[in-house]
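Fold and contact review
Residues per chain, in single letters:
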Amino acid sequence: MKILISCDMEGITGVTSWDHVDPSHAEYQRFRHLMTCDVNSAIDGAFAGGVDEVLVTDGHWNGSNILIEELDKRAKLNSGIGTSQYSMMQGIDDSFDGVFFIGYHARACSENGILDHTWSTNLNNVWLNDNLIGEYGLNAALAGFFGVPVVMISGDQTACRQTRELLGDLEIAEVKYASGRHSALCLPPAESQLLIRNASIKAIGNLRKGLAPKPYVVQSPIQITIELISSDMADRAGRLPGSQRVGNKISFASQDMATAYKTFRAAAGLASLS
Ligand SMILES: [Zn+2]
């Protein structure tokens, strides 16, 4: 059995502030260690559940947050995602049995979601066909394209709830309870890491018993709509060939989810140019 662990940072144990996840801030060094610890708990749970292979993809910022010298030696690490094909999901293909989301956060415009956003703080809402989604939705849909289900998530209670609403009854590890964008009741690492390990073991057990959620397969043609936070960003994203603009919303259609994912990245990247 083979598992991909896709990691982000905003949903890691103890993270409540942008300072915690910003490589230019001194606080970041503490939280990249805690990110590595959360990921190691998931790896340990996966192996305790009986998997044979774990690939970790570091999906925050430029993808070089996890401290490889502290990483569980049974796993391998995809580091540096910016120039990779599938970003937060780099490495995904049909050889995997399941995906874990570690340190994930709520979608943009959420209530009680620590550092809620979708891909970039330049985006407000993002729709995949008619579903309002976050990064969890885009990444689950890409996994679904390859026939792979997302079976476990860690993050705050809002990230866990939103992911369950979209994907069904996957295992969750709620490592903190957000009461605003920058405030949360946080479990200490010793407790949150136990939750992550236990959820990982259960997720592998569910896969074995056929009880895990099914892959999230989005029907073609696939339409993604992104809502930019300002009209100059919409001007730039709207240069994407084949896109349509209504106000600050840019829409584009793709025949399959792998193409849709790449097109989404292109549109978000255009919006961020100056
Ligand atoms: Zn993110």
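Structure first, text after, so check above.
Fair warning: this is a prediction, and the values are worked out from it, not measured in the lab. (Residues numbered from 1 in each chain as written. Predicted model: local features only at pLDDT ≥ 70, side-chain atom pairs only at ≥ 80, totals over all residues. Heavy atoms only, no water.)

Overview of the sheet that holds strand 11 (residues 244-246)
- Overall, antiparallel pairing links the 5 strands, which are arranged 6-5-10-12-11 in an open sheet. Edge positions in the sheet fall to strand 6 (131-133) and strand 11, since each has one partner strand and no second. Averaged over all pairs of adjacent strands, the angle between strand axes in this sheet comes to 25 degrees, irrespective of strand direction.
- Bridge count for strand 10 (residues 222-228) against strand 12 (residues 249-254) is 6 bridges, and the pairing is antiparallel. Directly across from Thr225, in strand 12, lies its bridge partner Ser251.
- In the packing of helix 7 (residues 257-272) onto the sheet, the strands contacted are strand 5 (123-128), strand 10 and strand 12, and the crossing angle to strand 10 comes to about 15 degrees. (Pairing = 2+ DSSP bridges. Helix = DSSP H or I, 4+ residues; strand = E, 2+ residues; numbered from the N terminus. Axes fitted to C-alpha atoms, helices over the stretch in contact; angles between N-to-C directions. Contact = heavy atoms within 4.5 Å.)

Overview of the coordination of the zinc ion
- Summarising the metal site, the zinc ion is bound by the protein donors Asp8 (OD), His105 (NE2) and Glu135 (OE), whose distances to it range over 1.9 to 2.1 Å.
- The motif formed by the donor residues of the zinc ion, counted along the single chain, is D-x96-H-x29-E. Within this pair, whereas Asp8 is found in the loop between strand 1 (2-7) and helix 1 (18-21), its partner His105 is found in the loop between strand 4 (98-104) and strand 5, the two being separated by 97 residues in sequence.
- The exposure class assigned to Asp8 is buried, which follows from its relative accessible area of 2%. (Donors = N, O, S within 2.8 Å, 3.2 Å for Na, K, Ca; no water. Buried < 20%, exposed > 50% of the residue type's maximum accessible area, 1.4 Å probe, protein only.)

Some words on the nonpolar core
- Formed by 47 residues in total, the largest nonpolar core has its most connected members in Met89, Ile92, Ile224 and Ile226.
- With 8 residues, the top contributor of residues to this core is helix 7.
- In this structure, Ile92 is in contact with Leu4, Tyr86, Val99, Leu142, Ala143, Phe146 and Val148, ignoring residues within four places of it in sequence.
- Core analysis: the second largest hydrophobic core is formed by 38 residues, Cys7, Val15, Ala75 and Leu115 among them. (Core = buried A, V, L, I, M, F, W, Y, C linked by side-chain atoms within 4.5 Å.)

Some words on the sheet that holds strand 2 (residues 53-58)
- Judged by pairing direction, the sheet is mixed, and its 7 strands sit side by side in the order 3-2-1-4-7-8-9 without closing on themselves. Of all the strands in the sheet, the pair left with one neighbour each is strand 3 (75-78) and strand 9 (184-186). Across this sheet, the average inter-strand angle for adjacent strands is 25 degrees, counted without regard to direction.
- Looking at chain direction, strand 1 and strand 2 are connected through 6 bridges and run parallel. Within the sheet, the bridge partner assigned to Ile3 lies in strand 2 and is Val54.
- The sheet strands contacting helix 2 (residues 28-48) are strand 1, strand 2, strand 3 and strand 4, and the helix crosses strand 2 at an angle near 160 degrees.
- Taken strand by strand, helix 5 (residues 189-209) contacts strand 1, strand 4, strand 7 (150-156) and strand 8 (171-178), and its axis lies near 155 degrees from that of strand 8.

A word on the side chain of Ser41
- With respect to the secondary-structure elements, Ser41 resides in helix 2.
- Apart from the residues lying within four places of it in its own chain, the contact partners of Ser41 are Gln193, Ile196 and Arg197.

As for the pattern of salt bridges
- Enumeration according to the criterion identifies 10 salt bridges in this entry.
- Of the charged contacts in the structure, one is a salt bridge between Arg30 and Glu27, with a shortest N-O distance of 2.7 Å.
- Residue classification places Glu27 among the partly exposed positions, given a relative accessible area of 25%.
- A salt bridge links Arg236 to Asp232, with the nearest nitrogen and oxygen atoms 3.8 Å apart. With Arg236 and Asp232 both in helix 6 (residues 231-237) and 4 residues apart, the pair spans about one turn of that helix.
- According to the relative accessible area criterion, Asp232 is partly exposed, its value standing at 37%. (Salt bridge = Lys/Arg side-chain N within 4 Å of Asp/Glu carboxyl O.)

Some points on the packing of aromatic side chains
- Here the structure, examined in full by the defined rule, presents 6 aromatic pairs.
- Consider the rings of Tyr86 and Phe146, whose centres lie 6.0 Å apart with planes at 75 degrees: the pair is edge-to-face. One end of the pair, Tyr86, is in the loop between strand 3 and strand 4; the other, Phe146, is in the loop between helix 3 (135-145) and strand 7, with 60 residues separating them in the sequence.
- Judged by relative accessible area, Tyr86 falls into the buried class, the value being 8%.
- Measuring from ring centre to ring centre gives 6.2 Å for Tyr86 and Tyr261, while their planes differ by 75 degrees; the resulting arrangement is edge-to-face. Here Tyr86 is found in the loop between strand 3 and strand 4, whereas its partner Tyr261 is found in helix 7, with 175 residues between them in sequence.
- On the accessibility criterion, Tyr261 (0% relative accessible area) is buried.
- Put simply, the rings of Tyr86, Trp119, Phe145, Phe146, Tyr261 and Phe264 touch in pairs and so form one group of aromatic residues.
- Taking the ring centre of Phe96 as reference, the NZ or CZ of Lys2 above it sits at 4.6 Å. (Phe/Tyr/Trp six-rings, centres within 6.5 Å; stacked < 30°, edge-to-face > 60°. Lys NZ or Arg CZ within 6 Å of the ring centre and 35° of its normal.)

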